[in-house]
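# Structural features, examined
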Amino acid sequence: MIVKEEKSAKKEVIAFMHTEAVQQSEVHARAELYDWIRLLATLFVVLGHSAYLGNKTTYGMVHYDLPLSLAPAYNGILLSFFRLLSSWVYGFHMPLFFFLSGSVLGIKPLKSFDDFVFSKIHRLIIPYYLAGILFMFPVKLLGGFYSFASVRQAIVIFWNGGDSGHLWFLPSLFWCMLLFVAIFKALQRLNICSVWLVLIICEIISITYMFLPFDFLGMKQGLAYLFWFGLGFLFEKYRKKLTFKPLQSLSLCIMMGIFYAINMKYSLLDQFFTILLGIVFTIELSVAISPFLLLIERQYNYIWRLILRRLFDIYIFHDPLEYLVLKIFFDRKLLETNFGCYLYFFMRTIGVILISIVIGNFVECISVRIKKVATTQN
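For clarity, every value in this text was computed on a predicted model and none was experimentally measured. (Residues numbered from 1 in each chain as written. Predicted model: local features only at pLDDT ≥ 70, side-chain atom pairs only at ≥ 80, totals over all residues. Heavy atoms only, no water.)

## Describing the overall build of the protein chain
In terms of helices and strands, the protein chain carries 15 helices and two strands. Since a compact globule built from 378 residues should have a radius of gyration of about 21 Å, the 23 Å found for the protein chain is in line with a globular shape. With the C-alpha coordinates of the protein chain rotated into their principal frame, the extents come out at 95 × 55 × 50 Å. Out of the 378 residues in the protein chain, the part that is buried amounts to 44%. By element, 68% of the accessible surface of the protein chain is carried by carbon and sulfur atoms, the whole surface being about 21,200 Å². Across the protein chain, the centroid of the 34 positively charged side chains sits 2 Å from that of the 23 negatively charged ones. (Helix = DSSP H or I, 4+ residues; strand = E, 2+ residues; numbered from the N terminus. Rg over C-alpha atoms; globule rule 2.2 N^0.38 Å. Buried < 20%, exposed > 50% of the residue type's maximum accessible area, 1.4 Å probe, protein only. Areas by Shrake-Rupley, 256 points an atom, 1.4 Å probe, with all protein chains shown as cover. Lys, Arg positive; Asp, Glu negative; His and termini not counted. Charge placed at Lys NZ, Arg CZ, Asp CG, Glu CD.)

Here it is in structure tokens:
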């Protein structure tokens, strides 16, 4: 009898271990897919910011005119194509980030609401203020976006979400996440577990948020993207039922590319379907290039992990660097040569990415040292 009980216990342990292994494998597979999408989304946002020649906020502004003696390469096939890509990704790259954030949120069970709020303050709000005050404003000041007088005024309204530049995404995502989780948990308490109902509520909020009589730290802007965040959460819940094969995804990407070419001429898509198709295209493209990405991961694992770890840093640091690139290249009239035009494009894409990675590593080293000192003193 004892022997039978021991065998039964062993079987239960083995079954439990197998279930745990399967769950871990599923989480890893999901994380891999979202790593690929996150990589593309980050490249898209850099590409989307790589073509503008001017920008204006409440207290800051920069505007550059192309020189009369502009080199032919600037309007050549290659650079014109990348400017076209920049315009294309600008139509959907921010909803894509909200979609991706919602998908990642759906991977694991949600924390308690209090723990969730504190974790997102640490992850989103603190970086918003630190990156803005210590990096964005100083770099934009160097890039001529602000004067010494206007930068002080911009910093004052920055605390409530004004003149936040590309950093608007962080507090907006914070509010978007908080409201979504609050809705989800409120419905759970009512024993309603329909993700579709949550998505419907998100859509209602997304089209009525402008009637709110108040706004704080980009809250309204975040609510505008609540539907796309909820759609990402829904995608993760149904992702297991979908099959992703590189060759099929490549075929779909080619078909969507042809459709995009037709749409450029006839404007068949409105804003909603432009965003939706862009998100679907990004997912399929990430699967299509996954064999190549997996090869990089196997052959250059350290570099691959470094890049993934720095994707958030690339988002945080890249855009202010664009203003430095603009100032240097236009002040020195470097666009008057073909080489200067190609170098200009390189610096506004690959260059700002590489510099952002270096800055991210530097910040991480400083943070580790500060923590060690604090631990030693305690």
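## Re the environment of asparagine 361
Inspection of the secondary structure assignment puts asparagine 361 in helix α15 (residues 338–377). By relative accessible area, asparagine 361 is classed as partly exposed at 24%. Non-local contacts of asparagine 361, meaning those with residues more than four positions away in its chain, are made with Leu306, Arg309 and Arg310. (Contact = heavy atoms within 4.5 Å.)

## Side note on helix α2 (residues 77–89)
Here α2 is 13 residues long and its end C-alpha atoms lie 18 Å apart, about the 18 Å a rise of 1.5 Å per residue gives. Regarding α2, the residues found buried are Leu79, Ser86 and Val89. Angular distribution of buried residues about the axis of α2 spans 85°; they occupy a single face of the element. Those residues of α2 that are exposed and aimed more than 90 degrees away from the buried face are Ile77 and Ser87. (Expected span 1.5 Å × (residues − 1). Arc of directions from axis to C-beta.)

## Some words on the packing of aromatic side chains
A full pass over the atoms with the stated rule returns 44 aromatic pairs. Summarising the aromatic geometry, the rings of tryptophan 88 and tyrosine 260 are spaced 5.4 Å apart at their centres and angled 80° between planes, so their arrangement reads as edge-to-face. Here tryptophan 88, found in helix α2, pairs with tyrosine 260, found in helix α10 (residues 246–266); they are 172 residues apart in sequence, far enough to count as distant. Among the residues examined, tryptophan 88 registers a relative accessible area of 22% and is labelled partly exposed. (Phe/Tyr/Trp six-rings, centres within 6.5 Å; stacked < 30°, edge-to-face > 60°.)

## Side note on the confidence of the model for the protein chain
Predicted coordinates in regions of low pLDDT should not be interpreted in detail. Put simply, the protein chain has an average pLDDT of 90, and 92% of its residues get 70 or more. By mean pLDDT, the top-scoring element of the protein chain is helix α14 (residues 311–331) (96), and the lowest-scoring one is helix α1 (residues 2–48) (66). Between residues 12–23, whose pLDDT stays under 50, and residues either more than four places distant or in other chains, the model counts zero contacts. (pLDDT = per-residue confidence, 0-100.)

## As for empty space enclosed by the protein
By the definition in use, this model includes one cavity of 30 Å³ or more. Taken as a whole, the largest cavity holds about 100 Å³ of empty space. Along its surface, the largest cavity is lined by Ser50, Ala51, Tyr74, Leu79, Phe82, Arg83, Ser86, Cys341, Tyr344 and Phe345. Counting only elements with at least two residues in the lining of the largest cavity, the list comes to α2 and α15. Ranked by the residues each element gives to the lining of the largest cavity, the list is headed by α2, at four residues. Residues that form the lining of the largest cavity fall into these classes: seven nonpolar, two polar and one charged. (1 Å grid on protein atoms, 1.4 Å probe; cavity = no way out; pocket = protein on both sides within 12 Å on 5 of 7 lines; lining within 4 Å. Points joined across faces, edges and corners; volume = space filled by probe spheres on them. Nonpolar A, V, L, I, M, F, W, Y, C, P; charged D, E, K, R; others polar.)

## Describing the pattern of salt bridges
Per the counting criterion, the structure on display carries eight salt bridges. As a salt-bridge pair, arginine 305 and glutamate 297 come within 2.5 Å of each other at their nearest N and O atoms. For arginine 305, a relative accessible area of 33% gives the class partly exposed. Among the salt bridges present, the one from glutamate 322 reaches arginine 348, with a minimum N-O distance of 2.7 Å. Highlighted residues: glutamate 322 in helix α14 and arginine 348 in helix α15, separated in sequence by 26 residues. On the basis of relative accessible area, glutamate 322 is assigned to the buried category, the value being 0%. Counted as one network, the salt bridges with shared partners bring together Arg309, Arg310, Asp313 and Glu364. (Salt bridge = Lys/Arg side-chain N within 4 Å of Asp/Glu carboxyl O.)

## Quick notes on the environment of aspartate 35
As for its placement among the helices and strands, aspartate 35 is situated in helix α1. As for aspartate 35 and leucine 100, which are separated by 65 residues in sequence, their C-alpha atoms are 9.8 Å apart.

## Quick look at the state of the cysteines
By definition, a disulfide is the covalent link that joins the sulfur atoms of two cysteine residues. Scanning the entire structure with this criterion turns up zero disulfides. Looking at cysteine 202, it has no disulfide partner, and the nearest cysteine sulfur is the one in cysteine 176, 7.2 Å off. For cysteine 202, a relative accessible area of 0% gives the class buried. (Disulfide = S-S within 2.5 Å.)

## Quick notes on the nonpolar core
Formed by 103 residues in total, the largest nonpolar core has its most connected members in Met94, Phe98, Leu167, Phe169, Phe180, Trp228 and Tyr344. Counting residues per element, this core draws most heavily on helix α6 (residues 169–189), at 13 residues. Among residues more than four places away in sequence, those in contact with tyrosine 344 are Leu53, Tyr74, Val325, Leu326, Phe329, Phe330 and Leu335. Within the second largest apolar cluster, five residues are counted, among which are Cys253, Met256, Tyr260 and Phe281. (Core = buried A, V, L, I, M, F, W, Y, C linked by side-chain atoms within 4.5 Å.)

## Here we look at unusual backbone geometry
Here leucine 217, not a glycine, exhibits a phi torsion of approximately 50°, which is positive. As for its position among the elements, leucine 217 is in the loop between α7 (195–208) and α8 (219–223). Given a relative accessible area of 5%, leucine 217 falls into the buried group. Despite not being glycine, serine 267 has its phi angle at roughly 50°, a positive value. One can find serine 267 in the loop between α10 and α11 (271–288).

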